[in-house]
Amino acid sequence: MSFDEEWSQVRSETAAMRLNSVPAEGGGGGGGGATDYKVTSADLKAIGNEAQELYHWFERDAFHAGAQTDAAAKSLDGDGFQTGSAMWTMWDMWRDQAETLISACAHIHNHLEDTVTSHTNHEEVLITNFSMATIDEHFK
C-alpha cells in the first residue's frame, strides 16, 4: 500500500470518529460545549508500545548505511570529488536526526510507562484509603 493510499484510509477512518460533546454549563454564549476526553491506561500502554516498537525498528535500520557512506565518501574524496564531503555532511545530519527520533521514541515510551504505573499506584492508594467502610466511619 502506498503512503497516499494509507494516508487516505487513515483520514477516512478518523473522519468517522466523533468526540463526546458535553453542553457548556449555564447555557451561556460561545457557541460550543466542553469536550469530554477519556484516555485509559490501556490506550497509553498501546501508544507506549508503538513508540517502543518504532524505537527498536529505527535503532536497527537507521544506521546500516554508515559503513557504505564512509567507503563511498573516502573513495570520492580520494578521487578529488567534493561529493565525498557533501556525503559526510548529509550523513551527519541524518545521524543527528535519527538519534533525535530514537531518543524521542524512548522518551515517549518511558513517560507513558511511568504514567500508567503511576496512575495504577494512585488508584490503589485511593481505593485503599477511601473505601466505603472508611468513609462510613466518619459519618457515624
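Note that this is a predicted model, so its numbers are computed, not measured.

Peer 1: Can you lay out a nonpolar patch on the surface for me, pointing to particular residues and giving the numbers?
Peer 2: On the surface, F3, W7 and V10 cluster together into a nonpolar patch covering about 340 Å² of accessible area. Tracing the backbone through its elements, the reader meets W7 in helix 1 (residues 3-15). Judged by its relative accessible area of 46%, W7 is partly exposed.

Peer 1: Describe in detail the pattern of salt bridges, supporting the description with residues and values.
Peer 2: In total, this model carries 4 salt bridges according to the counting rule given. Linking D70 and K74 is a salt bridge whose minimum nitrogen-to-oxygen distance equals 3.4 Å. One end of the pair is D70 and the other is K74, both in helix 3 (residues 66-78) and 4 residues apart, which spans about a single turn.

Peer 1: Kindly report on the confidence of the model for the chain, identifying the contributing residues and their values.
Peer 2: For the chain, the mean per-residue pLDDT works out to 78, and 76% of the residues sit at or above 70. Counted against residues more than four places away or in other chains, residues 18-33, with its pLDDT under 50, gives 12 contacts.

Peer 1: How would you sum up helix 2 (residues 41-61)? Please name residues and give values.
Peer 2: At 3.6 residues per turn, the α-helix brings residues three or four places apart onto the same side. The terminal C-alpha atoms of helix 2, which comprises 21 residues, lie 30 Å apart, in line with the 30 Å expected from a rise of 1.5 Å per residue. Within the sequence span of helix 2, burial applies to L44, G48, A51 and F58. In an axial view of helix 2, the angular spread of the buried residues amounts to 95°, which keeps them on one side of the axis. In helix 2, the exposed residues that point more than 90 degrees away from the buried face are A42, E50, E53 and R60. Those residues of helix 2 that are buried are in contact with helix 4 (83-129).

Peer 1: Pulling in residues and values, what's your account of helix 4?
Peer 2: Its 47 residues place the ends of helix 4 68 Å apart at the C-alpha level, agreeing with the 69 Å of an ideal helix rising 1.5 Å per residue. Residues of helix 4 that are buried include every one of G84, W91, A98, I102, C105, H109, L112 and V116, and no others.

Peer 1: Please give an account of the packing of aromatic side chains that cites residues and values.
Peer 2: What the rule picks out here adds up to 2 aromatic pairs. Chaining the aromatic ring pairs together yields one cluster made of W57, F58 and W94.

Peer 1: A description of the side chain of H109 should follow, citing residues and the corresponding values.
Peer 2: Tracing the backbone shows H109 in helix 4. Residues contacting H109, with those up to four places away along its chain left out, are G48, N49, A51 and Q52.

Peer 1: Can you tell me about the packing of helix 2 against helix 4, naming the residues and giving the values?
Peer 2: Running from amino to carboxyl end, helix 2 crosses helix 4 at an angle of 155°, the nearest separation of the two axes being 8 Å. Compared by their axis directions, helix 2 and helix 4 come out roughly antiparallel. Crossing of helix 2 over helix 4 shows left-handed handedness. For the contact of helix 2 with helix 4, the per-class residue count stands at 15 nonpolar, 7 polar and 3 charged.

Peer 1: Give me the side chain of T69: which residues, what numbers.
Peer 2: Position of T69 among the secondary structure elements: in helix 3. Under the relative-accessibility criterion, T69 is labelled buried at 8%. Within polar-contact distance, the side chain of T69 engages the backbone oxygen of A65 at 2.8 Å. In contact with T69, other than residues within four places in its own chain, are M87 and W91.

Reading guide: rules and limits
- Here, residues in each chain are numbered from 1, in the same order as that chain's written sequence.
- Note on the predicted model: pLDDT of at least 70 is required for a residue's local features to be given, and 80 or more for side-chain atom pairs to be given and counted; whole-chain, interface and lining totals, by contrast, use all residues.
- Heavy atoms throughout the structure, all of them, feed into the side-chain values; hydrogens and water do not.
- Surface patches are defined over residues having more than 30% relative accessible area and no salt bridge, joining like charges when they lie within 9 Å and nonpolar side chains (Val, Leu, Ile, Met, Phe, Trp, Tyr) when within 5 Å.
- With residues, only the protein chains shown are counted as cover, and all accessible areas are computed by Shrake-Rupley using a 1.4 Å probe.
- The rule for a salt bridge is simple: a side-chain nitrogen of Lys or Arg has to be within 4 Å of a carboxyl oxygen of Asp or Glu.
- In DSSP terms, a helix is any run of H or I states spanning at least four residues, a strand is any run of E spanning at least two, and both are numbered starting from the N terminus.
- The buried label applies to any residue whose accessible area, calculated with a 1.4 Å probe on protein chains only, is under 20% of its type's maximum; exposed applies above 50%, and partly exposed to all values in between.
- For every residue, the predictor assigns a confidence score, pLDDT, that lies between 0 and 100.
- It only takes one pair of heavy atoms within 4.5 Å for two residues to be counted as in contact.
- Here a helix's expected span is defined as the number of its residues, less one, multiplied by 1.5 Å.
- Directions are taken from the helix axis to each C-beta atom, and the arc is the one they span.
- Only Phe, Tyr and Trp rings take part, Trp by its six-membered ring, and two of them pair if their centres are within 6.5 Å. Stacked means planes under 30 degrees apart, edge-to-face means over 60, and tilted covers everything else.
- Axes, fitted as lines to C-alpha atoms, cover a helix only where it is in contact. Angles between the N-to-C directions of the axes lie from 0 to 180 degrees.
- An angle counts as roughly parallel when it lies under 35 degrees, as roughly antiparallel when it exceeds 145, as roughly perpendicular when it falls between 65 and 115, and as oblique in every other case.
- If you view the pair so one helix is near and one far, a crossing is left-handed when the near helix is turned anticlockwise from the far one by less than a right angle, and right-handed when it is turned clockwise.
- Note on residue classes: Ala, Val, Leu, Ile, Met, Phe, Trp, Tyr, Cys and Pro are nonpolar, Asp, Glu, Lys and Arg are charged, and everything else, Gly too, is polar.
- The term polar contact refers here to a pair of N or O atoms within 3.5 Å; inside protein, the definition further demands a hydrogen-donor-capable atom paired with an acceptor-capable atom, and it admits residues adjacent in sequence only when both atoms are side-chain atoms.

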